[in-house]
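Each chain, written out:
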Amino acid sequence: MAQSAISVDAHHEHQHDTFKLLGFWIFLVTDCIIFACLFAVYAVLRTHTDGDLTGRELFEVKGFTAETFILLASSFTSGLASLAMHKGSKKQLLGWLAVTVLLGLSFVGLEITEFAKMASEGAKISKNGFLSSFFTLVGTHGLHVSFGLIWMIGVMVQIGRHGIDSLTKEKVTIVGLYWHFLDVVWIFIFTVVYLLGVM
């Protein structure tokens, strides 16, 4: 009887985990759709500058290259955190997650600085179609990174309290996938928005 109850509990727990994972993938697919729409809008409006400043004048190669390097480095450290988790090293896991968070904060800080500098030069979101689509696309990605940082810090707090167990392992894996997804989106932004913008 007790064995039967244990198997039923295990079945329900497996079902619950499956639904959580499915929910995450649905969330990721909707995010893909959102970014696809924003890229499409940017592709249409990127030439609508009304004779004003274009990407060639506004985008600084050093700035967006540094942002790219930092975000890609954070993806690498996120991967190292996953390796540490599989080794069962709580200290290394928290260490690499902390480095990932610091890199993510640096990225967001650089992006805010970039936006502020552009606004000081008169390039505001309401000025023309190009700037509206640029700020919306890149800003949406920045908000996603900020959300990912809050999520990652929350996972770190849980690991600090409960250690590495099946629940925290699942959460580290999911937040890691989300972080890699944001890196992939940034590669598209780097190529489509910044590189094509300065050419």
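Residues numbered from 1 in each chain as written. Predicted model: local features only at pLDDT ≥ 70, side-chain atom pairs only at ≥ 80, totals over all residues. Heavy atoms only, no water.

Focus: the overall build of the protein chain
Then, in step 1: Assigned secondary structure in the protein chain consists of 6 helices and 0 strands.
Then, in step 2: Secondary structure elements of the protein chain occur, N-terminal to C-terminal, as α-α-α-α-α-α.
Then, in step 3: Referenced to the eigenvectors of the C-alpha coordinate spread, the extents of the protein chain come out at roughly 80 × 30 × 25 Å.
Then, in step 4: Out of the 199 residues in the protein chain, the part that is buried amounts to 38%.
Then, in step 5: Considering only contacts within the protein chain whose residues lie at least 6 apart along the sequence, 83% involve residues at least 24 apart. (Helix = DSSP H or I, 4+ residues; strand = E, 2+ residues; numbered from the N terminus. Buried < 20%, exposed > 50% of the residue type's maximum accessible area, 1.4 Å probe, protein only. Contact = heavy atoms within 4.5 Å.)

Focus: the environment of Gly 163
Then, in step 1: Within the secondary structure, Gly 163 is located in the loop between α5 (129–162) and α6 (166–198).
Then, in step 2: For Gly 163, a relative accessible area of 12% corresponds to the buried category.
Then, in step 3: C-alpha of Gly 163 to C-alpha of Ser 89: the two residues are 74 residues apart in sequence and 9.5 Å apart in space.
Then, in step 4: Not counting the four nearest positions on each side in its chain, Gly 163 is found in contact with Lys 90, Gln 158 and Thr 168.

Section: the side chain of His 141
Then, in step 1: Relative to the assigned elements, His 141 resides in helix α5.
Then, in step 2: Relative accessible area serves as the criterion here: at 0%, His 141 is assigned to the buried category.
Then, in step 3: Those residues within four positions of His 141 in sequence are excluded, and the remaining contacts are Phe 35, Leu 71, Phe 107, Leu 182, Val 185, Trp 186 and Ile 189.

Focus on α6
Then, in step 1: Between its first and last C-alpha, α6 extends 47 Å over 33 residues, near the 48 Å set by a 1.5 Å rise per residue.
Then, in step 2: Capping the start of α6 is the job of one residue whose side-chain oxygen sits 3.1 Å from the backbone nitrogen of Leu 167: Asp 165. (Expected span 1.5 Å × (residues − 1). Polar contact = N/O pair within 3.5 Å; in protein donor to acceptor, adjacent residues only side chain to side chain.)

Quick word on a nonpolar patch on the surface
Then, in step 1: Residues Leu 21, Trp 25 and Leu 177 make up a contiguous nonpolar surface patch of about 260 Å² in total accessible area.
Then, in step 2: If you trace the backbone, Trp 25 turns up in helix α1 (residues 2–45). (Patch = residues over 30% accessible without salt bridge, like charges linked within 9 Å, V, L, I, M, F, W, Y side chains within 5 Å. Areas by Shrake-Rupley, 256 points an atom, 1.4 Å probe, with all protein chains shown as cover. Salt bridge = Lys/Arg side-chain N within 4 Å of Asp/Glu carboxyl O.)

Some remarks on the state of the cysteines
A disulfide bridge is the covalent bond that connects two cysteines by way of their sulfur atoms.
Then, in step 1: In this structure the tally under the stated criterion is 0 disulfides.
Then, in step 2: Distance from the sulfur of Cys 32, which forms no disulfide, to the nearest cysteine sulfur (Cys 37) is 11 Å.
Then, in step 3: Take Cys 32: its relative accessible area is 41%, and that puts it in the partly exposed class. (Disulfide = S-S within 2.5 Å.)

A short note on the nonpolar core
Then, in step 1: In terms of nonpolar packing, the biggest core is built from 47 residues, with Phe 59, Phe 134, Ile 189 and Tyr 194 touching the most fellow members.
Then, in step 2: Put simply, the parts of the chain that give this core at least two residues each are α1, α3 (61–87), α4 (90–120), α5 and α6.
Then, in step 3: Sort the elements by how many residues they give to this core and α6 lands first, with 13 residues.
Then, in step 4: Once you skip the residues sitting within four places of it in the chain, Tyr 194 turns out to touch Phe 59, Phe 64, Glu 67, Glu 114, Phe 134, Val 138, Trp 186 and Ile 189. (Core = buried A, V, L, I, M, F, W, Y, C linked by side-chain atoms within 4.5 Å.)

Focus on the packing of aromatic side chains
Both the distance between ring centres and the angle between the ring planes are used here to describe each pair of aromatic rings.
Then, in step 1: Counted by the stated rule, this structure contains 21 aromatic pairs.
Then, in step 2: Judged by centre distance (5.8 Å) and plane angle (45°), the ring pair of Phe 147 and Trp 151 falls under tilted. In this pair, Phe 147 and Trp 151 are both assigned in helix α5, 4 residues apart and thus about one turn of the helix distant.
Then, in step 3: Assessed through its relative accessible area of 41%, Phe 147 is described here as partly exposed.
Then, in step 4: On the basis of relative accessibility, which here comes to 24%, the residue Trp 151 falls in the partly exposed class.
Then, in step 5: An aromatic cluster is present here, built from Tyr 42, Phe 59, Phe 64, Phe 107, Phe 115, Phe 130, Phe 134, Phe 135, Trp 186, Phe 190 and Tyr 194 joined pairwise through their rings. (Phe/Tyr/Trp six-rings, centres within 6.5 Å; stacked < 30°, edge-to-face > 60°.)

A closer look at the pattern of salt bridges
Charged atoms that come close allow side chains of opposite charge to pair.
Then, in step 1: This structure, assessed with the given rule, holds 2 salt bridges.
Then, in step 2: Notably, a salt bridge pairs Glu 121 with Lys 117, separated by 2.7 Å at the nearest N-O pair.
Then, in step 3: Classification of Glu 121 by relative accessible area gives partly exposed; the value is 39%.
Then, in step 4: Taking relative accessible area as the criterion, Lys 117 reaches 38% and is therefore assigned partly exposed.
Then, in step 5: One connected set of salt bridges, linked through shared partners, spans Glu 60, Lys 117 and Glu 121.

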